[in-house]
Amino acid sequence: MPSIIHYGGGVHGRRLRLVPVVLTSTVALGAALAGCGGTDSGGGAASSSAAARQSVAAPATTAGCTNTPPTLPGTAVTVDVPQAKVVLGGAGTGAQSALTVRPTAVAQYALFTNSLQVSQVSGEQPSGGNRDVTLPMVVQPTCGDPLDVYVFFGAPTSTDPATTKALEVEAGTVGRVRFAPTGEVRSFVIAAPPGVSADAQSAFEQALLQTFLRLVPLPAEPVGIGATWTATRSIRADSNLTQTMTVTLGGTIERPELTAKVDESPDDSVFRVPGSGTTLTVESYTSEGNGTVRLDPARAFGTGGVQLQGGRTLVGDDPAKKLVQRTGSVYRFDPK
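Residues numbered from 1 in each chain as written. Predicted model: local features only at pLDDT ≥ 70, side-chain atom pairs only at ≥ 80, totals over all residues. Heavy atoms only, no water.

### Points about the overall build of the protein
For step 1, the next point in the chain: Along its length, the protein carries three helices and 17 strands.
For step 2, the next point in the chain: By the burial criterion, 49% of the 336 residues in the protein qualify as buried.
For step 3, the next point in the chain: Summed over all atoms, the accessible surface of the protein reaches about 14,300 Å², with 52% contributed by carbon and sulfur. (Helix = DSSP H or I, 4+ residues; strand = E, 2+ residues; numbered from the N terminus. Buried < 20%, exposed > 50% of the residue type's maximum accessible area, 1.4 Å probe, protein only. Areas by Shrake-Rupley, 256 points an atom, 1.4 Å probe, with all protein chains shown as cover.)

### Observations concerning helix 3 (residues 198-212)
For step 1, the next point in the chain: Here helix 3 spans 21 Å end to end across 15 residues, near enough to the 21 Å set by a 1.5 Å rise per residue.
For step 2, the next point in the chain: Burial analysis of helix 3 places 13 of its 15 residues in the buried class, the great majority of the element. (Expected span 1.5 Å × (residues − 1).)

### Examining the state of the cysteines
For step 1, the next point in the chain: Evaluation of the coordinates by the stated rule reveals one disulfide.
For step 2, the next point in the chain: The side chain of Cys65 participates in a disulfide bridge whose partner is Cys143; the two sulfur atoms lie 2.1 Å from each other. The chirality of the disulfide connecting Cys65 with Cys143 is right-handed, given an S-S dihedral of about 95 degrees. Note that Cys65 is positioned in the loop between helix 1 (26-33) and strand 2 (77-80) and Cys143 in the loop between strand 6 (127-141) and strand 7 (148-153), a separation of 78 residues in sequence.
For step 3, the next point in the chain: Residue classification places Cys65 among the partly exposed residues on the basis of a relative accessible area of 36%. (Disulfide = S-S within 2.5 Å.)

### Examining the side chain of Gln140
For step 1, the next point in the chain: Turning to its location among the elements, Gln140 is positioned in strand 6.
For step 2, the next point in the chain: With residues up to four places along the chain from it excluded, the contact list for Gln140 reads Pro59, Ala63, Gly64, Cys65, Thr66, Val106, Val149, Tyr150 and Phe152. (Contact = heavy atoms within 4.5 Å.)

### What about the environment of Glu257?
For step 1, the next point in the chain: With respect to the helices, strands and loops of the structure, Glu257 is situated in strand 13 (residues 256-266).
For step 2, the next point in the chain: The spatial distance from the C-alpha of Glu257 to the C-alpha of Thr292 is 6.9 Å, given a sequence separation of 35 residues.
For step 3, the next point in the chain: Sequence-distant contacts of Glu257, defined by excluding residues within four places in its chain, comprise Thr248, Leu249, Gly250, Gly251, Thr292, Val293 and Arg294.

### A few points about the packing of aromatic side chains
For step 1, the next point in the chain: Counted under the stated rule, the structure contains eight aromatic pairs.
For step 2, the next point in the chain: When the centroid spacing of 5.1 Å and the interplanar angle of 70 degrees are considered together, the rings of Phe153 and Phe204 count as edge-to-face. With Phe153 in strand 7 and Phe204 in helix 3, this pair connects stretches of sequence that are 51 residues apart. The residues Phe153 and Phe204 share a single accessibility class, namely buried.
For step 3, the next point in the chain: Three or more aromatic residues joined by ring pairs form one cluster here, namely Tyr109, Phe179, Phe188, Phe212, Phe301, Tyr331 and Phe333. (Phe/Tyr/Trp six-rings, centres within 6.5 Å; stacked < 30°, edge-to-face > 60°.)

### Focus on the side chain of Ser158
For step 1, the next point in the chain: The topology assignment puts Ser158 in the loop between strand 7 and helix 2 (161-166).
For step 2, the next point in the chain: Reaching out from Ser158, the side chain makes a polar contact with the backbone oxygen of Asp132 at a distance of 2.8 Å.
For step 3, the next point in the chain: Among the polar contacts made by the side chain of Ser158, one reaches the main-chain amide nitrogen of Asp160 at a distance of 3.1 Å.
For step 4, the next point in the chain: Ignoring sequence-local partners within four residues, the contact set of Ser158 consists of Asp132, Thr163 and Thr164. (Polar contact = N/O pair within 3.5 Å; in protein donor to acceptor, adjacent residues only side chain to side chain.)

### Section: the pairing of strand 12 (residues 240-251)
For step 1, the next point in the chain: Note: strand 11 (residues 228-236) against strand 12, nine bridges, orientation antiparallel. Note that in strand 12 the partner of Ile235 across the bridge is Leu241.
For step 2, the next point in the chain: Counting the residues between successive antiparallel strands, the hairpin from strand 11 to strand 12 contains three residues.
For step 3, the next point in the chain: Across 11 bridges, strand 12 lies against strand 13 in antiparallel orientation. Among the inter-strand pairings, Thr246 is bridged to a residue of strand 13, identified as Lys261.
For step 4, the next point in the chain: Taking the residues between adjacent antiparallel strands as the criterion, strand 12 and strand 13 are bridged by four residues. (Pairing = 2+ DSSP bridges.)

### Thoughts on the confidence of the model for the protein
For step 1, the next point in the chain: Within the protein, residue pLDDT values average 85, and 84% of them lie at 70 or more.
For step 2, the next point in the chain: Averaged pLDDT values over the elements of the protein bottom out at 41 in strand 1 (residues 15-17) and peak at 98 in strand 3 (residues 85-90).
For step 3, the next point in the chain: Below pLDDT 50 for its whole length, residues 1-34 participates in 103 contacts with residues either more than four positions away or in separate chains.
For step 4, the next point in the chain: Confidence drops under pLDDT 50 across residues 37-52; counting only partners more than four residues distant or on other chains, this segment forms 32 contacts. (pLDDT = per-residue confidence, 0-100.)

In structure tokens:
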């Protein structure tokens, strides 16, 4: 089956421009919209047309870079991730040097993600809740370009047994991630495995997508401890958002620690219902949070992450039946 991240326009070819669905469960939202004039549709059927794939063993943690990366399936798609504009505020004190991410070693992580969405139409019972997914992964850089890495996934897990069962087929999946010098992900390549349901693949892809959208970027200029910078990113999603990160450098130059405050605000009052042509009006919107990330320049991802919480009020055809949502998200890379 093809990738089911939501994109703008049709899917033609194998490179897709990212228009992510941010913190939206289309099933829960569709049920809630029945009370305020909107509709939605989704699918949970398993794919039966994908060709069989071979599971690829992850490299040993003692291995270095690879000159022979694995071949990805022909069904794989490339997803471009919007980049942030980074503006240095203060260069900090003491010795200064450029912060870089240039992986040379294999790294093993457990990526924990959790999204919250609770929806309630005026006068009705709330629906929705949390969805957590943990992705075990081994990341290996290529020798020719350390910003080009391959990700070997183990069996994902969730506190929901049904989600864990549905994600079993993802074990052995291999993806490819291309980094920018700022430490951001420029793009990633992924293929849905045979037999995976649409809902399970969505959970897997969204765990990656929401994480990559909220990685903390680095400045190009040399900096010292105490340096500050602002990273601004445009996210074109169900609502068009501007994400602003205010970052402070702590730790040491050899082992930098980034502390970030994050705010995401809508650019306009339009909310596009995923999977339909319906739009709602954004009456109010908040999403803010913070996080701490500890970098190891020899490894692809820092440890730690970012947590956001907020909410929004959406208005449809019947202004007396507003849709009020409580939202939140967490991503965290834990070393293994």
